[in-house]
Amino acid sequence: MANVRDLKKDINYVLGDIIEAVYVWEYTNTDKDTKKSEAIIDEAIETFDELIAKVNAKHVDSAKAHFKAINNELETKGRALIEKINKL
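Rules and cut-offs
- Residues numbered from 1 in each chain as written.
- Predicted model: local features only at pLDDT ≥ 70, side-chain atom pairs only at ≥ 80, totals over all residues.
- Heavy atoms only, no water.
- Core = buried A, V, L, I, M, F, W, Y, C linked by side-chain atoms within 4.5 Å.
- Buried < 20%, exposed > 50% of the residue type's maximum accessible area, 1.4 Å probe, protein only.
- Helix = DSSP H or I, 4+ residues; strand = E, 2+ residues; numbered from the N terminus.
- Patch = residues over 30% accessible without salt bridge, like charges linked within 9 Å, V, L, I, M, F, W, Y side chains within 5 Å.
- Areas by Shrake-Rupley, 256 points an atom, 1.4 Å probe, with all protein chains shown as cover.
- Salt bridge = Lys/Arg side-chain N within 4 Å of Asp/Glu carboxyl O.
- Lys, Arg positive; Asp, Glu negative; His and termini not counted.
- Charge placed at Lys NZ, Arg CZ, Asp CG, Glu CD.
- Expected span 1.5 Å × (residues − 1).
- Contact = heavy atoms within 4.5 Å.
- Polar contact = N/O pair within 3.5 Å; in protein donor to acceptor, adjacent residues only side chain to side chain.
- Axes fitted to C-alpha atoms, helices over the stretch in contact; angles between N-to-C directions.
- Parallel < 35°, antiparallel > 145°, perpendicular 65-115°, else oblique.
- Nonpolar A, V, L, I, M, F, W, Y, C, P; charged D, E, K, R; others polar.
- Arc of directions from axis to C-beta.

Caption draft 1: Inspection of the nonpolar core at higher detail. Counting 17 residues, the largest nonpolar core has Leu7, Ile11, Leu15, Val55, Ile70 and Leu81 as the members making the most contacts within it. The set of elements that each furnish at least two residues to this core consists of helix H1 (4–28), helix H2 (35–56) and helix H3 (63–87).

Caption draft 2: Focus on the environment of Lys36. Checked against the element boundaries, Lys36 lands in helix H2. Judged by its relative accessible area of 64%, Lys36 falls in the exposed class. Taking C-alpha positions, Lys36 is 16 Å from Thr47, a pair spaced 11 residues apart along the chain.

Caption draft 3: Fine view of a negative patch on the surface. On the surface, Asp33, Glu38, Asp42, Glu46 and Asp49 cluster together to form a negatively charged patch. With respect to the helices, strands and loops of the structure, Glu38 is situated in helix H2.

Caption draft 4: Up close: H3. The first and last C-alpha atoms of H3 sit 36 Å apart over 25 residues, in line with the 36 Å expected at 1.5 Å per residue. Along its buried surface, H3 packs onto H1 and H2.

Caption draft 5: Up close: the side chain of Asn29. Relative to the helices and strands, Asn29 is located in the loop between H1 and H2. On the accessibility criterion, Asn29 (17% relative accessible area) is buried. There is a polar contact of 3.3 Å between the side chain of Asn29 and the side chain of Thr28.

Caption draft 6: Main features of the packing of H1 against H3. Here H1 crosses H3 at 5 degrees, and the two axes come no closer than 10 Å. Judged on the interaxial angle alone, H3 and H1 are roughly parallel. For the pair formed by H1 and H3, the contact residues are Val4, Leu7, Asp10, Ile11, Val14, Leu15, Ile18, Ala21 and Val22 on the first element and Phe67, Ile70, Asn71, Leu74, Gly78, Leu81, Ile82 and Ile85 on the second. Per-class residue counts for the contact of H1 with H3 are 14 nonpolar, two polar and one charged.

Caption draft 7: Expanded view of the environment of His59. The residue His59 is located in the loop between H2 and H3 in this model. Judged by relative accessible area, His59 falls into the exposed class, the value being 70%. Sequence separation between His59 and Lys9 is 50 residues; the distance between their C-alpha atoms is 21 Å.

Caption draft 8: Representation of H2. If you check H2, its first and last C-alpha atoms are 32 Å apart, about what 22 residues at 1.5 Å a residue would give, namely 32 Å. The complete set of buried residues in H2 reads Ser37, Ile40, Ile41, Ala44, Thr47, Leu51, Ile52 and Val55. One side of H2 carries all its buried residues, which in axial view fall inside an arc of 125 degrees. Buried residues belonging to H2 abut H1 and H3.

Right, here's the structure in full:
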């Protein structure tokens, strides 16, 4: 992890790409209900807010371990959201 700015960019890009993938799915499947896809978008936004709040937390013991944990959480939650998109 190079720095906080790169971690914030990673969070933004990963979750932004997931939201974009949901919009593409909605656009290509106009005949299907969008309640599940909208729930995925809401979950992605909540995840973004949670992770950015953790990045901005000033009271951490070990910064390197803290940011590595955030990066791992991003990967885990990102994969879960992608799985939900694939099940639509």
